[in-house]
There are 2 protein chains.
Amino acid sequence: MAEPTANEGQSLTRNQGAVLSALKGADKPLTAYDILGLPKIRKAGLKAPLTIYRALDKLMDQGLVHRIESLNAFVHCDHGPHDHATGFLICSDCGRTLEVHLDDCEDHLAGRAREQGFAVDAVKVEMTGRCPDCAAAEAARSRTS
Amino acid sequence: MAEPTANEGQSLTRNQGAVLSALKGADKPLTAYDILGLPKIRKAGLKAPLTIYRALDKLMDQGLVHRIESLNAFVHCDHGPHDHATGFLICSDCGRTLEVHLDDCEDHLAGRAREQGFAVDAVKVEMTGRCPDCAAAEAARSRTS
DNA sequence: CGGATAATGTTATTATATAACGTTTAAGGC
DNA sequence: GCCTTAAACGTTATATAATAACATTATCCG
Ligand SMILES: [Zn+2]
Ligand SMILES: [Zn+2]
Ligand SMILES: [Zn+2]
Ligand SMILES: [Zn+2]
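Below, the structure is looked at part by part. Each chain has its residues counted from 1, following the order in which its sequence is written. For this description, chains carry letters from A and ligands carry numbers from 1, given in the order in which they are written. Local features in this predicted model are restricted to residues of pLDDT 70 or higher, and side-chain atom pairs are both shown and tallied only at a pLDDT of 80 or more, whereas totals for entire chains, interfaces and linings draw on every residue. Note: side-chain values were computed over all heavy atoms of the structure, leaving out hydrogens and water.

## A short note on unusual backbone geometry
We note that Asn72(A) has phi near 50°; this positive angle belongs to a residue other than glycine. On the basis of relative accessible area, Asn72(A) is assigned to the partly exposed category, the value being 38%. Note on exposure labels: buried denotes an accessible area under 20% of the residue type's maximum, exposed denotes more than 50%, and partly exposed covers the range between, all computed with a 1.4 Å probe on protein chains only.

Here's what the structure looks like:
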C-alpha cells in the first residue's frame, strides 16, 4: 500500500495524492462519485464532488490519469506520462479497461485530419467489447446452454 | 426544409422523424436538452427528456445518428448508414464536427485489440482541435496582436 | 377482431459536473 | 522572517445529462 511514490510525490497535493491512490487501487475506471464514496477518501477528509473533480483535473494535466469518455470515468495511467494518443479497450461485461499504445496509428489518424484542414490537439480512441476473461466466460456459458 | 425523405420515411416514427430533422437542421452536434429546447420540437409535442432520448436511441440503432462521447451530444450521420468505425474531428472553438471514414485504420485498431485477447464490438475515435475556419481566425488574431 | 409488440406520455429520481465566493496554504522575492 | 501572489481548498447551491417506473396508445400480424 505504497503512498505516493517517486515522480508523483514531487508535485501532488494531499487531495491529488488521495485520488490518484484510489484510482491505483481500483481494478477498473471509477467515476468521480465512485471515488467520493470510498471510505479511504472520506477518511482523508474529501467530501465534496468538486474536491474530487479538481484533483482529477490536475492529475489529467500531469498525464497521470485519463478520462474514459464513454464511461464518464477515470483511470490511472499505467504507461507513465506520455504524449501520444490514448487508446482504451473497454469491457462492456465487467467494466475493466486496458490502455494500449497507438503511436503508429496516431499518425495515420492525425493525417486524416490534416487532409481536412484540421489542426489536431488530442486523439482519443475507445474500443468496446469483451475482455479475455469475459469472452471465455461467455463461450463457456454458450457451450452449456 | 424537407421532411423525412427516402429511406428515413420508411420506418421512422413521428418523434424519431422530428428529432432527426432537428439534427439535420443544426450545423453542429446537439445535446438531448438542446433538441428539447428547439421551438420546432416543442411545437411537435415533444416535451420530456425521455422522449428525446428514446428517439435518439432508435436513430442510433439505425445508424442515422452518432453520439459524440466527449460532448455528450448527437449528430446526424451524413455518410449514409455504415458499419465501419466512426471517427470525428471536433473543433474546440466553434463546436462543429466533421465525420471521417476510418475503414483502413479500423482494422489496425481492432488488430491491436485482438493481440490482447479482446473481442471488439465498436470502435470510436474522437479528435479534438481546430477546424479550418477557426484555425484561420486564430492565425489572423495572432498577426494583429 | 384479438393478442402481441413497440412506441409514447408523465412524473419522479438518479447521475454527472460546474458556478460562485470566501478562506487557507504554498511558493518565492526581499 | 515577512510580504506578496498564485494555487489549492472548503462549502453551498445549482446546472446539466440520463434513467426508472408505470400507465396508455399505436401498430402489426394472424
Ligand atoms: Zn496513459
Ligand atoms: Zn470483462
Ligand atoms: Zn456515420
Ligand atoms: Zn471551429
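## Overview of the protein's contact with DNA strand C
For this description, a residue counts as near a given molecule or strand if any of its non-hydrogen atoms is within 4 Å of it. Not every one of the 14 residues close to DNA strand C is listed here, only the nearest: Tyr33(A), Tyr53(A), Arg67(A), Thr13(B) and Arg54(B). In this structure, a phosphate oxygen belonging to DNA strand C sits 3.0 Å away from a side-chain N or O atom of Lys58(B). Secondary structure elements follow DSSP: runs of H or I of four or more residues count as helices, runs of E of two or more count as strands, with numbering from the N terminus. For the surface near DNA strand C, the elements supplying multiple residues, two or more each, are helix 5 (49-61) of chain A together with helix 5 (49-61) of chain B. Considering each element in turn, the surface near DNA strand C owes the most residues, four residues, to helix 5 of chain B. A breakdown of the residues in the surface near DNA strand C according to their chemical character gives five nonpolar, five polar and four charged. Pairs of N or O atoms are called polar contacts if they sit within 3.5 Å, as long as, within protein, a hydrogen donor faces a hydrogen acceptor (for residues adjacent in sequence, only side-chain-to-side-chain pairs). Charged means Asp, Glu, Lys or Arg here, nonpolar means Ala, Val, Leu, Ile, Met, Phe, Trp, Tyr, Cys or Pro, and polar covers whatever is left, Gly included.

## A few points about helix 6 (residues 103-115) of chain B
Every helix has an expected span of 1.5 Å times one less than the residues it contains. Taking 1.5 Å per residue as the helical rise, helix 6 of chain B with its 13 residues ought to reach 18 Å, and the 19 Å between its terminal C-alpha atoms agrees with that figure. Restricting attention to buried positions, one finds in helix 6 of chain B the residues Cys105(B), Glu106(B), Leu109(B), Ala110(B), Gly111(B), Arg112(B) and Ala113(B). Contacts made by the buried residues of helix 6 of chain B are with strand 3 (86-91), strand 4 (97-100), helix 6 (103-115) and strand 5 (119-130) of chain A together with strand 5 (119-130) of chain B. The first or second residue beyond helix 6 of chain B is Gly117(B), which carries a positive phi of 80°. Any two residues whose heavy atoms approach within 4.5 Å are treated as being in contact.

Distances and angles like these do not, on their own, reveal function.
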